[in-house]
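Okay, here's what each chain looks like letter by letter:
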Amino acid sequence: MTLQVVTDSSHEKTILEGCIREKAWPDAELRILEAGCGNKWQLSLKGLQYSLSGIDLDEDALRLRQARFQDLDEVIVGDLRTISLPKAQYDVIYTAYVLEHVSNVPLVLANFNRWLKPGGLMIIKVPDRDSVYGFIARSTPHWLHVYYYRFIKGNKNAGKPGYLPYPTVYDTALGRNRMLTYCEQQGLSVKGVFGKNNYLRKRSARDRVIKVFVRLVNLFSFGKLAWHYNDLIYIIEKPASDTDEAQ
Ligand SMILES: C[S@@+](CC[C@H](N)C(=O)[O-])C[C@H]1O[C@@H](n2cnc3c(N)ncnc32)[C@H](O)[C@@H]1O
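Parameters at a glance
- Residues numbered from 1 in each chain as written.
- Predicted model: local features only at pLDDT ≥ 70, side-chain atom pairs only at ≥ 80, totals over all residues.
- Heavy atoms only, no water.
- Helix = DSSP H or I, 4+ residues; strand = E, 2+ residues; numbered from the N terminus.
- Buried < 20%, exposed > 50% of the residue type's maximum accessible area, 1.4 Å probe, protein only.
- Patch = residues over 30% accessible without salt bridge, like charges linked within 9 Å, V, L, I, M, F, W, Y side chains within 5 Å.
- Areas by Shrake-Rupley, 256 points an atom, 1.4 Å probe, with all protein chains shown as cover.
- Salt bridge = Lys/Arg side-chain N within 4 Å of Asp/Glu carboxyl O.
- Near = heavy atom within 4 Å.
- Polar contact = N/O pair within 3.5 Å; in protein donor to acceptor, adjacent residues only side chain to side chain.
- Nonpolar A, V, L, I, M, F, W, Y, C, P; charged D, E, K, R; others polar.
- Lys, Arg positive; Asp, Glu negative; His and termini not counted.
- Charge placed at Lys NZ, Arg CZ, Asp CG, Glu CD.
- Arc of directions from axis to C-beta.
- Contact = heavy atoms within 4.5 Å.
- Pairing = 2+ DSSP bridges.
- Axes fitted to C-alpha atoms, helices over the stretch in contact; angles between N-to-C directions.

Peer 1: I'd love a proper account of unusual backbone geometry, names of residues and values included.
Peer 2: In the segment running from leucine 164 into proline 165, the intervening peptide bond is cis, with an omega of -5 degrees. If you check the backbone angles, aspartate 27 has positive phi at about 60 degrees while not being a glycine. Here aspartate 27 lies in the loop between α1 (9–21) and β2 (30–35). For aspartate 27, a relative accessible area of 77% puts it in the exposed group. The phi dihedral of asparagine 104 is positive, around 60 degrees, even though this residue is not glycine. Along the polypeptide, asparagine 104 turns up in the loop between β5 (90–96) and α3 (105–115).

Peer 1: Quick one: what's the story with a nonpolar patch on the surface, residue by residue and with numbers?
Peer 2: Together, Trp143, Leu144, Tyr147, Tyr148, Phe151 and Ile152 line one region of the surface with nonpolar side chains, adding up to about 680 Å² of accessible area. The residue phenylalanine 151 is located in helix α5 (residues 142–152) in this model. Classification of phenylalanine 151 as exposed rests on a relative accessible area of 58%.

Peer 1: Break down the site of the ligand for me, citing the residues and quoting the values.
Peer 2: Every one of the 19 residues lining the ligand counts as a neighbour, but Gly36, Asp56, Asp79, Leu80 and Ala96 are closest to it. With respect to the ligand, the backbone of glycine 36 contributes an N or O atom lying 2.8 Å from a nitrogen atom. For the shell around the ligand, the per-class residue count stands at nine nonpolar, five polar and five charged.

Peer 1: Account for a positive patch on the surface, naming residues and giving values.
Peer 2: A cluster of basic residues, Lys40, Arg68, Lys153 and Arg206, forms a positive patch on the protein surface. With respect to the helices and strands, the residue arginine 68 is situated in helix α2 (residues 59–68). Here arginine 68 falls in the partly exposed class, since its relative accessible area comes to 44%.

Peer 1: Could you give an account of helix α6 (residues 176–185), naming the residues involved and the relevant values?
Peer 2: An α-helical segment advances 3.6 residues per turn. Residues three or four places apart therefore align on the same side. Regarding α6, the residues found buried are Met179, Tyr182 and Cys183. With its buried residues spanning 95 degrees around the axis, α6 presents them on a single face. For α6, the exposed residues lying more than 90 degrees away from the buried face are Asn177, Glu184 and Gln185. Buried residues belonging to α6 abut α3, β6 (116–127), β7 (189–196) and β8 (231–237). Positioned one or two residues after α6, glycine 187 has a phi angle of 75 degrees, which is positive.

Peer 1: Give me the side chain of glutamate 34: which residues, what numbers.
Peer 2: Mapped onto the elements, glutamate 34 comes out in strand β2. Since its relative accessible area comes to 4%, glutamate 34 is described here as buried. If we skip the residues at most four places from it in the chain, glutamate 34 touches Lys40, Trp41, Leu52, Ser53, Gly54, Ile55, Arg65 and Tyr94.

Peer 1: Give me the environment of arginine 68: which residues, what numbers.
Peer 2: Taking the C-alpha atoms as reference, arginine 68 lies 8.6 Å from lysine 40; in sequence the two are 28 residues apart. Among the polar contacts made by the side chain of arginine 68, one reaches the side chain of tyrosine 163 at a distance of 3.3 Å.

Peer 1: Can you break down the sheet that holds β7 residue by residue, with the values?
Peer 2: Here we have eight strands laid out as an open sheet, ordered β1-β7-β8-β6-β5-β2-β3-β4, and mixed in their pairing. Whereas interior strands pair on both sides, the edge strands pair on one side only; in this sheet they are β1 (4–6) and β4 (74–77). Between one strand and the next, the sheet's axes are offset by a mean angle of 20 degrees, whatever the strand orientation. Taken together, the six bridges between β2 and strand β3 (residues 50–56) define a ladder with parallel strand orientation. Bridge pairing links alanine 35 to isoleucine 55 in β3. In the packing of α1 onto the sheet, contacts are made with β1, β2, β5, β6, β7 and β8, and the angle to β6 comes to roughly 165 degrees. Contacts from α2 reach β2, β3 and β4, with the element oriented near 165 degrees to β4.

The structure is reproduced here in structure tokens:
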């Protein structure tokens, strides 16, 4: 499957929000689960009739989210791998920057598949472990990530309860080929895979330095580590007739 690279966040949001809106029912509420919802929601679904459930391990993040935005209709504290939620509950499951923090990713994917209604949509956004960004993230210690967020990105709350960054795992199951094979084996239809780049369009001196650096690492990896995007976004649909009773 060819990868379309998106360099603009508002273009990315238009694509994702459009995919969700396509699932809307006339006269019925769209049920959305934000998995690993953390302390903020990135999308805007104005005008759409929907309910938003948020699940997260981190009670502090959920508390911050509700104090600031009060945008969750249902708050669930739990682990995506082990929590038991009813089958076929949601029209859409959206998860962003979560699976890189989880070991045993197939357990989470199996749960998503179980919680989705037939014909439902899964949107999974995750840093590509096989990009320069992903490689560096999984090869460096957590304390360095905290310093990077605090002193380079200027987030003074970085590392405090409820705030980024969270320790990373980068399960090998997150490799792009393994994700696609998993979907094929489970009868899930991959509608699209996007590569998101967070630094190509920016023109600041810092972003130019980053660009040169990632190209160099790409060269030293003999082209194995992708440099022209850092995140992968999978748009996955569950078949309309749910035939897999084992789920
Ligand atoms: C990097 S934050 C992303 C938050 C939010 N999705 C966003 O895009 O801003 C990762 C979130 O995943 C949550 N998380 C990590 N492992 C989890 C698990 N096994 N079950 C539920 N949530 C988990 C963390 O608590 C954290 O809130």
